[in-house]
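# Summary of the model geometry
Chain residues, written in single-letter form:
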Amino acid sequence: MNLRALPCGALALLGVIMLAPAAESLEPSERSPEQVEQRVNRVRVDRHLKPLRRSRELARAAQQHADDMARNGYLSHTNLEGRNPLERVQTAGIEGFRLLAENIGESNIAGDRIAAVIEAWLASTSHRKNLLNPAFHHTGIGAAETPDGRSLFVQLFATY
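Residues numbered from 1 in each chain as written. Predicted model: local features only at pLDDT ≥ 70, side-chain atom pairs only at ≥ 80, totals over all residues. Heavy atoms only, no water.

## Quick notes on the confidence of the model for the chain
Applicable threshold: One confidence number per residue, pLDDT, is output by the predictor and ranges from 0 to 100. We call two residues in contact when some of their heavy atoms are within 4.5 Å.
The share of residues in the chain with pLDDT of 70 or more is 81%, and the mean pLDDT across the chain is 87. For the stretch residues 1-16, pLDDT sits under 50, and the model shows 51 contacts to residues farther than four places along the chain or on other chains.

## A word on the pairing of strand β5 (residues 138-145)
Our working definition: Burial classes: relative accessible area under 20% of the type maximum marks a residue as buried, over 50% as exposed, and values in between as partly exposed (1.4 Å probe, protein chains only). A run of DSSP states H or I qualifies as a helix once it reaches four residues; a run of E qualifies as a strand once it reaches two. Both are numbered from the N-terminal end. Pairs of strands are assigned from DSSP output, requiring at least two bridges between the strands.
Buried residues dominate β5, accounting for seven of its eight residues. Bridging between strand β3 (residues 53-54) and β5 involves two bridges; their strand directions are parallel. Residue pairing for β5: Arg 53 is matched across the bridge by His 138. Following β5, the chain reverses through five residues before pairing antiparallel with strand β6 (residues 151-159); Gly 149 in that reversal takes a positive phi of roughly 95 degrees.

## A few points about the packing of aromatic side chains
Given two aromatic rings, one states the distance between the centres and the angle between the planes to describe the pair. The condition that has to hold: Only Phe, Tyr and Trp rings are paired, with Trp represented by its six-membered ring, and only when their centres lie within 6.5 Å; those with planes under 30 degrees apart are stacked, over 60 edge-to-face, the remainder tilted.
For the coordinates displayed, the defined rule picks out two aromatic pairs. Centroid distance Phe 97 to Tyr 160: 6.4 Å. Interplanar angle 90 degrees. Geometry classified as edge-to-face. Of this pair, Phe 97 sits in the loop between α3 (85-91) and β4 (99-107) while Tyr 160 sits in the segment after β6, placing them 63 residues apart in sequence. Centre to centre, the rings of Phe 136 and Phe 157 are 5.5 Å apart; their planes meet at 35 degrees, and the pair counts as tilted. Within this pair, whereas Phe 136 is found in the loop between α5 (125-131) and β5, its partner Phe 157 is found in strand β6, the two being separated by 21 residues in sequence.

## A short note on helix α2 (residues 56-72)
To keep things clear, this is the line we draw: In this scheme, a helix's expected span is set at 1.5 Å multiplied by one less than its residue total.
Its 17 residues place the ends of α2 24 Å apart at the C-alpha level, agreeing with the 24 Å of an ideal helix rising 1.5 Å per residue. Among all positions of α2, only Leu 58, Ala 59, Ala 61, Ala 62, His 65, Ala 66, Asp 68, Met 69 and Ala 70 are buried. Where α2 is buried, its residues touch α3, β4, β5 and β6. Where α2 ends, the next residue or the one after it, Gly 73, has phi of about 65 degrees, a positive value.

## Considerations on helix α1 (residues 33-46)
To keep things clear, this is the line we draw: Arc, as used here, means the arc of the directions from the helix axis to the C-beta atoms.
With 14 residues, α1 extends 20 Å from end C-alpha to end C-alpha; this agrees with the ideal 20 Å at 1.5 Å per step. Along α1, the positions that sit buried rather than exposed are Val 36, Glu 37, Val 40, Asn 41, Val 43 and Arg 44. Down the axis of α1, the smallest arc covering the buried residues is 155 degrees, so these residues share one side. In this structure, α1 carries Gln 38 and Asp 46 as exposed residues pointing more than 90 degrees from its buried face. The inward-facing, buried residues of α1 abut β3, α4 (113-123), α5, β5 and β6. His 48 sits one or two residues past α1 and shows a positive phi near 65 degrees.

## Some remarks on the pattern of salt bridges
Should the charged atoms of two oppositely charged side chains come close, the side chains can pair. Our working rule: In what follows, salt bridge is the name for a side-chain nitrogen of Lys or Arg lying within 4 Å of a carboxyl oxygen of Asp or Glu.
Considering all chains together, one arrives at seven salt bridges under this definition. The partner of Arg 88 in a salt bridge is Glu 102, and the shortest N-O contact between them spans 2.8 Å. Residue Arg 88 is found in helix α3, and its partner Glu 102 is found in strand β4; the two are separated by 14 residues along the sequence. An identical accessibility class is assigned to Arg 88 and Glu 102; each is buried. The salt bridge involving Arg 150 is made with Asp 148; its shortest N-O contact spans 3.1 Å. Taken together, the shared-partner salt bridges in this structure form one network comprising Glu 106, Asp 148 and Arg 150.

So this is what it looks like as structure tokens:
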């Protein structure tokens, strides 16, 4: 598990997933942040956890990071300016959270990319801990397509 102590009592749990067999052209709406949120919440409810509530502010920060990674061709929790998830969220003006985590993933598999990334997150100890952490109550999700057709997903989790 990748744990990092952060200022202001925050904690970030970070993870990266890359899935890459054959590419297939799908409509971006088939990989929307709302679909990721619905499926993540289904996984949580199936395990007797409360669903996460959507935070517009976290979603904006997640989308900005997904767009930046897609535009600039990288996959990392640290953006090209050197900001980690906590710093990116704070730069976006989001305050008041006690716990923060981020999962990112990438896929160009044929078929259901959201399911593939969520399955990969569940198979990864650190991602699974983020996704199934009962302490998290809020989420924001971003999704973007790279010029070469890969799908990128960013999910922020927070406790206020």
